Structures are given as structure tokens and as C-alpha cells.
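Analysis of the macromolecular model
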Amino acid sequence: MELGLTLGCSIFALLFAVYLAKWVLKNDDGTAAMRAIADAIREGAEAFLARQYKTIAALTIPVAAILYLLYAFVRPGSEHDPVSEALLATYVAGSFILGAICSAIAGYMGMFVSIRANIRTASASRTSLNRGLQIALRGGAVSGLFVVAMSLLGVGGLFAILEAFGTKPEHIPFLIVGYGFGASFVALFAQLGGGIYTKAADVGADLVGKVEAGIPEDDPRNPAVIADLVGDNVGDCAGRGADLFESTAAENIGAMILGASLALGAQQSGIAFSAGVIGVMMFPLVARALGLIASIIGIMVVHTKEDGDPMSALNRGYYFTTVLAAIGFGVGCYWLLNSPQAPQAWWHFWLCGLIGLATAMAFVYITQYYTEYKYRPVKEIAEASQTGPATNIITGFAVALECTALPVLVIAVAIIGSYHLGQASGLPHAGLFGTAVATMGMLGTAAYILAMDTFGPIADNAGGIIEMSQQPEEVRKKTDRLDAVGNTTKALTKGYAIGSAALAAFLLFSAYLDELKNFGKPLQAVDIAKPEVFIGGLLGATLIFLFAALAIRAVGKAAYYVINEVRRQFKENPGILQGTAKPDYRQCVDIVTAGALKQMVLPGVLTVATPIAVGFIFKQFGLGAEAVAALLMVGTMTGILVATMLNNGGGAWDNAKKFIETGAYGGKGSETHKAAVVGDTVGDPFKDTAGPSLHVVIKLLSTITLVLAPLFI
């Protein structure tokens, strides 16, 4: 019944996403001038994604083959193996390919609707702010629902198939860990490539357009402006869609592993669950399915008055979704985690889920504090811009470093609180499962959060289309309001993503230890006093910094080519700035596409190769599994801090510029504004390339170690 409910909710959510897509596409698609711009954005985005996925496929197929060979021929069999070596190799490599395919589909679907919702949002905003808001959010919801539903359908479908083949249910999570790795692998390159693209175009457009030529943002005379608008879709829609897909997939499998361990351990102690072992294992999927239904209802209730605040409307929908998800969580806990021998267990786990939901909300508010210009941090950066770019960057970097403290405190409270609630549940060794349930709670609203995230680039594109097609000023004011809200929601969802990554990393590390135990190599502690283990941890921290450096440098390299191209067009064709000649948008799009795809390969390969190299090298000393555990622990901690610093620091720089553009400290065109634009371009690769990509790196480290754990023993 649990599996049927999960698959049923997933299919319903996919059908509802199709309904929303049709609803969005039925809306008016504007004037001929608006369509010409929207068509250029759509063509550029689809061309980039097609080329990107070909590159990812060329990397994915060899990795799947290597996985199969390692499991089938290199790793010796063990009596602890759940199935034969050949079957184990087939299941791991097959689930890896399926995870990669589903991740790619989820990313593509998010972008497919967003590049068609942008012009419809722009057109609707000419007459109604509420209609524009609803089109942008429902267009984003297609992505959110597809991502979470595809993740559930993939994991649930694999479970159903393997169970039908006679595999013991408690063994199945260990056989499908490749699904999470495949999803993470594609997500890394999708997020990284999209992030490099969007920020190279943005930096190039801003520095030559705003600072050198003194023309407004989204001015049709700027040759890089179409590439910039394309970048919003391939980075924030396709990239983030793949990112959250792998989050939900990996956490589902990790929580199922911990659920199996808890249920079997309780069984050995004479404690039985009313829903049985399978019921406990299926709880993460059921909780996510109920969260899907809550998100659908929350999305549909969002509306605003013509003079209302769109952000307040989105927040109301989020609160409504959270309340419904909390109720659904309670139902799921009572149904599946109830035990006659431990009658308090179900409500202890429900409280763990509520901690997760509260953690999500706390991250949203913390991110808001550090990135919105109504609060102290952003105002400080704007004030410092009066004395030039140097003081803007110094103050912005100080804010970026400062903003790591509060999230860490929230994570600490969430992990400790949920762990001890699990311990007090009356079930043996239930602390780790308590943290898993908290992670499920935090991800309960994932579909709504992703809808808010994709709302951002749709609203941004809508504003660009209105500006470039020279619509009346009052229409631009409406799209500016939606765009401002979109900038906030993009920052909030990044905070949410890193918070979920932090909780999930602890969950997945625990699942890694459980997997080692399942394969006959229990690891009670990770002893960093051993030189090999210490080096493993140090390499984990180094990987984070090296990856961030490569990602940021990639933006700089790609932006260099864009800037030179824009300068060349302005110089060779003076009629562009005079408005008598059209710029060559396609050339800029092609340059950014080639640059982004070329630059994404090295940091991606480095991330995959490092834990594998550490595991196999230190396996020679009998410490492969422990050295990799140290790499995973320290790399995760470092990744959480660096990603938070990059995300919030970049967001603060961006909104300091926007605060000045409202008229503060001289407004647009002033020296203060120019200094803030420089700070914003420094923050761009922080918040939209390196920071979001690190979310994926954190979880990729977890999933790759889960998949390869048996090889390090």
C-alpha cells in the first residue's frame, strides 16, 4: 500500500504538472516584437542544453561502464553481498544510468516551461500584476513538481521492480545507491555548466554595457543581453532542477537505508512496527509524496491584489504548504512509525519532522536578512560603495564571512535536537533515524521551494522582454516588482538548498557507515590521529577550495571572451549604440556556450576522481573506507561553510547595487553605483556558479562514497 501511494502521488503530480504547463501555454504570448526576443532566448537555451547534455552523456556512459567493471571483475565477492557479483554490478550500473537520465529529464522539463512562461508573464503583466505572478509561479511549479515526482517515481519504481524479481526488500536500498550517484553526476555538470554560462554572460553584459557604455540593463543595444537572459534559464532552471532532483533522490535512498537498519535492529530487540519493516523503509517516500500534495495546494492558493506585495503572496503560499506538510508528516509517522512496544516513537519522529520544517523556514529568514536591502548587511555594503569598488568589496567579503555563523547554529540545533528525540523514542539506536526524519521534513516543501526558485528567472526574463520590446513605463514597473521578488526568491532557495544539503550530508554519512556495516566492515569511529585518515580529511577540505577556484576562474575566462566580443561589435559598428543597427546576439550566445562547456569539465572530473583516488590509494594500507569517511566528513563541513559564504555574499553584493539603483547614494549612473556594479560582478560567480555547484559537490561526495563503499573495503 505504501509503495502504491508513493507511485500514485508521483503520477498525479506529473499529470498536474502537465495541466499547469498547458494552462501557462494557453495564455497570450504578446506582440511580434516581444515574441522575437522570447524566440531568441528559447533558441539559445535549447541549443545550449542540447550541447551540454551531449557532453554529459559522453562522460556518463564511460563512468557507468567503469562502475560495472569494478563491481563485476575488480572487487572480490563477499558473503555479506546481498546478491551475486554480476547482479550487484548490473543493479549499481543500471541504477546509475537511470538516475542520470531522470536527472536530465527533470532539468530539461524545468527549462522547457520557463522559456515559454517568460513571454506569457510579460504579456500578462501589461494588464494584471496578479496574472503575471500566477503565470510565473505556476510555470516554475512545473519544474518543482517534475523534479520531486520524478525522483519519487525513480526510487519507488526501482524498488517495485527489484521486489518483483524476488530481492529481499531490506537489501534493495543498497542495490540502488547508483541512482543517487547518477543523479548527482548529471546535476554537477548541469549546475556547473549552467552557472558558468549565466554568469559569464551577465558579467560581460554588465561591465561593458552599464559601466563602459553607460546603457541600462537589458538594453537591446547590448550584444550580450540575449546570452544573459538565456543564462537565467540554463543556470537557475535547468541547473537548479537537476540539483534538487539529486538532493531528493539521494536523501530518499539514504533515509531508506537508515530505516531498514532501524527496523531490523528493533526486530532483533523484540520490537515490531505496526506497518512492518517495509513500512519503515517506505516512510521517506510516503512523507515526500504527501509533501508533493501539500505543495500543489500551496501553489494554487497564491494570488495578490494589483497594489499588493507579490512577496507576501508567495510567503503565504509557502506557510500554507508548510502547515499542510506538517499535518501530512504527522499522519505518515502515526501510520508507518507506530510500534505497540514503543508507543511514543511516532510522535517523537513527528517532532523530528517539524524540526526539519522549522529549519527550512529559519534558513529562509537568515538568507533574507543577509541578502535583502532593508537589513543592515546589504546597507553596509551600499554605504561602503561611496568610497569606491575596493571598500565595496572589502565590506561585502566581510558580510560573506559573517553570514556562515547563524546557519551553522541552526544546523547544530536541528541535528542535535532530532538525534536526541530519536534516542528518546523508545527504539534502540534511533538517533540517526531521527536526523533522517528531520531531513525529510526539511525537504517536505521542496516542490514549492523549487517553484519559487524558477519563478525568479521567469520574472527576470519577463522584465528583459518588456524592456527590449520598449513597452510602456507602467508595464516595466509591474515586471520590475516581479523581478525584485524573483531576486529574493532565488537567494532564499539557495539558502534552503545549502541547509538541506547540510542535514542530508549527515544523513548520507550515517548511511555510508551503515553500508560498511552491511558489507561486513563496521566502522565505529573515524580516527584522524592516523596519518592516512588525517590526509583524507585534509584532501576533502582542499577539494572544496580548489573546486570553487576553478568554477570562479571559469566564469572569468568565459566572461573575458564575451567582453571582447561586445567591445568589438561596439567599435566596428557604431550604429549599434546609436540605435540604427542591430547587434549580433547569436555570436555572443555561441561564445558563451562553447566557453561554459569547455570550462565545466575539469572541476567536475576533479570532484569525481578525488574520493575514488583516496579510497583506492589508502586501501593499500587497509584504511580505504576510513580515509574516505574522513574526506566525506571534512569536505562536507568545509563545503557547507564555503557555499553559504559564496551564496549569501554574492546575493548581498547584488542587492547592494539594487538598493543604490532605487536612488540611494546618488542612484543609477553615479560613481557609487559604478562601484556597486563592480562588487556585483565579483559576487555573480560566487552566488550563481561556485556556491550552487558546491551544493551538488557536497551530495556527490556522499553518493559516490555510498556507491563505491564496497570497493574500498
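Here's a quick rundown of the structure. Here the structure is a predicted model, which means the values were calculated and not measured.

Here we take up the overall build of the chain. Helices and strands together make up the secondary structure of the chain, namely 21 helices and zero strands. Relative to the compact-globule value of 27 Å for 713 residues, the chain shows a C-alpha radius of gyration of 25 Å, a close match. C-alpha extents for the chain along the principal axes are approximately 80 × 50 × 45 Å. Residue burial in the chain is summarised as follows: out of 713 residues, 65% are buried. Contacts in the chain between residues at least 24 apart in sequence constitute 85% of all its contacts with a sequence separation of at least 6. Side-chain charges of the chain comprise 47 positive and 52 negative groups, with the mean position of each set lying 3 Å from the other.

A few words now on the side chain of Thr638. Within the secondary structure, Thr638 sits in helix 20 (residues 624-661). The residues contacting Thr638, other than those within four sequence positions of it, are Ala541, Ile544 and Phe545.

Taken N-terminus to C-terminus, the directions of helix 11 (residues 376-384) and helix 20 make an angle of 65°; their axes are 8 Å apart at the nearest point. By the angle class used here, helix 11 and helix 20 are roughly perpendicular. Handedness of the crossing formed by helix 11 with helix 20: right-handed. Here Val378, Lys379, Ile381 and Ala382 of helix 11 come into contact with helix 20, specifically with Ala652, Trp653, Asn655, Ala656, Phe659 and Ile660. Grouping the amino acids of the contact of helix 11 with helix 20 by side-chain chemistry returns eight nonpolar, one polar and one charged.

Glancing now at unusual backbone geometry. The phi angle at Gln470 is positive, at roughly 55°, despite the residue not being glycine. Tracing the backbone shows Gln470 in the loop between helix 15 (446-468) and helix 16 (473-518). In this structure, Tyr665 is a non-glycine residue whose phi angle is positive, near 55°. Structurally, Tyr665 is set in the loop between helix 20 and helix 21 (671-712).

Attention now goes to the nonpolar core. Among the nonpolar cores identified, the biggest contains 246 residues, and Phe181, Phe349, Phe433 and Tyr512 are the most heavily contacted of them. Per-element accounting of this core gives the leading share, 22 residues, to helix 7 (residues 225-268). Setting aside residues up to four positions removed in sequence, Tyr512 forms contacts with Ala625, Val628, Ala629, Leu632, Thr705, Leu706, Ala709 and Phe712.

For the structure on display, the rule yields 24 aromatic pairs. Each ring, one from Phe181 and one from Phe185, has its centre 6.3 Å from the other, and the planes form 80°; the classification is edge-to-face. With Phe181 and Phe185 both in helix 6 (residues 177-213) and four residues apart, this pair spans about one turn of that helix. Its relative accessible area of 2% is what places Phe181 among the buried residues. Taken together, a centroid distance of 5.6 Å and an interplanar angle of 50° make the contact between Tyr369 and Tyr375 tilted. Here Tyr369 falls in the partly exposed class, since its relative accessible area comes to 27%.

On to the environment of Lys210. Of note, Lys210 is situated in helix 6. In the structure, Lys210 is positioned 180 residues away from Gly30 in sequence and 28 Å away in space, judged by C-alpha atoms.

Looking now at the pattern of salt bridges. Summed over the entire model, instances satisfying the criterion amount to 23 salt bridges. As a salt-bridge pair, Glu46 and Arg42 come within 3.6 Å of each other at their nearest N and O atoms. Here the residue Glu46 and the residue Arg42 both occupy positions in helix 2 (residues 32-74), the gap between them amounting to four residues, near one helical turn. Within the structure, one salt-bridge network assembled from shared partners comprises Lys199, Asp202, Asp654, Lys657, Lys658, Asp680, Asp684, Lys687 and Asp688.

The contact between helix 7 and helix 14 (residues 431-442) brings their axes to 10 Å, and the two run at 150°. Considering the angle they form, helix 7 stands roughly antiparallel to helix 14. Regarding helix 7 and helix 14, the two cross each other, and that crossing is left-handed. On helix 14, the residues touching Glu251, Asn252, Ala255, Leu258, Gly259 and Leu262 of helix 7 are Leu432, Phe433, Ala436, Thr439 and Met440. Its residues placed into classes, the contact of helix 7 with helix 14 shows seven nonpolar, three polar and one charged.

Let's shift gears to helix 19 (residues 585-619). For helix 19, which comprises 35 residues, the first-to-last C-alpha distance of 53 Å matches the rise-based estimate of 51 Å (1.5 Å per residue) to within 8%. The largest bend along helix 19 reaches roughly 30° and is located at Ala609, with the proline Pro611 sitting one to four residues downstream. For helix 19, the side-chain oxygen to backbone nitrogen distance between the N-cap and Arg586 is 3.3 Å, and the N-cap itself is Asp584.

A word on the environment of Ser84. Note that Ser84 resides in the loop between helix 2 and helix 3 (85-125). Separated by 12 residues in sequence, Ser84 and Ala72 place their C-alpha atoms 9.2 Å apart.

The topology assignment puts Thr167 in the loop between helix 4 (129-164) and helix 5 (172-175). Relative accessible area serves as the criterion here: at 9%, Thr167 is assigned to the buried category. Non-local contacts of Thr167, meaning those with residues more than four positions away in its chain, are made with Tyr91, Leu162, Ile172 and Leu175.

All right, on to helix 8 (residues 276-300) then. Two residues of an α-helix separated by three or four positions point the same way, owing to the 3.6 residues in each turn. Look at helix 8: 36 Å from first C-alpha to last across 25 residues, which is about the 36 Å you get at 1.5 Å a residue. Maximum bend of helix 8: about 45°, positioned at Phe283, with proline Pro284 one to four residues after it. Counting buried residues in helix 8 gives 19 out of 25 residues, a clear majority hidden from the surface.

This next bit is on the state of the cysteines. Scanning all chains against the criterion turns up zero disulfides. Cys102 carries a free sulfur, and the closest cysteine sulfur to it, the one in Cys9, is 18 Å from it. For Cys102, a relative accessible area of 9% puts it in the buried group. For Cys333, which is in no disulfide, the shortest distance to another cysteine sulfur is to Cys352 and amounts to 8.2 Å.

Calculation rules
Within any chain, residue numbers begin from 1 and follow the written order of that chain's sequence. With the structure being a predicted model, the display of local features is reserved for residues of pLDDT at least 70 and the display and counting of side-chain atom pairs for 80 or more, all residues being used for whole-chain, interface and lining totals. The side-chain values count all of the structure's non-hydrogen atoms but skip hydrogen atoms and water molecules. Helix and strand assignments come from DSSP, with helices taken as H or I runs of at least 4 residues and strands as E runs of at least 2, each series counted from the N terminus. To get the radius of gyration, use the C-alpha atoms; to get the globule rule, take the number of residues to the power 0.38 and multiply by 2.2 Å. Think of it in three bands: residues with accessible area under 20% of the maximum for their type are buried, residues over 50% are exposed, and the middle band is partly exposed, with areas taken using a 1.4 Å probe on protein chains only. By definition in these notes, contact holds between two residues if any of their heavy atoms fall within 4.5 Å. Note on charges: Lys and Arg go in the positive column, Asp and Glu in the negative column, and His and the chain ends are not counted at all. Each charge is placed at NZ for Lys, CZ for Arg, CG for Asp and CD for Glu. Angular values range over 0 to 180 degrees, each being the angle between N-to-C directions of two axes fitted as lines to C-alpha atoms, with helices fitted over their stretch in contact. In this scheme, roughly parallel covers angles under 35 degrees and roughly antiparallel covers those over 145, while 65 to 115 is roughly perpendicular and the rest are oblique. The hand of a helix crossing depends on one turn: near helix anticlockwise from the far one by less than a right angle means left-handed, and clockwise means right-handed. Amino acids are sorted into nonpolar (Ala, Val, Leu, Ile, Met, Phe, Trp, Tyr, Cys and Pro), charged (Asp, Glu, Lys and Arg) and polar (every other residue, Gly among them). Put simply, a nonpolar core is a bunch of buried Ala, Val, Leu, Ile, Met, Phe, Trp, Tyr and Cys residues held in one set by side-chain atoms that sit within 4.5 Å of each other. In summary, the pairing rule links any two rings of Phe, Tyr or Trp, Trp by its six-membered ring, whose centres are within 6.5 Å, and it sorts them by plane angle into stacked for under 30 degrees, edge-to-face for over 60 and tilted for everything else. Definition used for salt bridges: Asp or Glu carboxyl oxygen within 4 Å of a side-chain nitrogen of Lys or Arg. By this rule, a helix spans an expected 1.5 Å times one less than how many residues it contains. In this scheme, the bend at a residue equals the angle between the axes fitted to the seven residues that finish there and the seven that begin there. Here a polar contact is recorded for every N or O atom pair within 3.5 Å, except that within protein the pair must consist of a potential hydrogen donor and a potential acceptor, and residues adjacent in sequence are included only if both atoms are side-chain atoms. The rule for a disulfide is simple: a pair of cysteine sulfur atoms within 2.5 Å.

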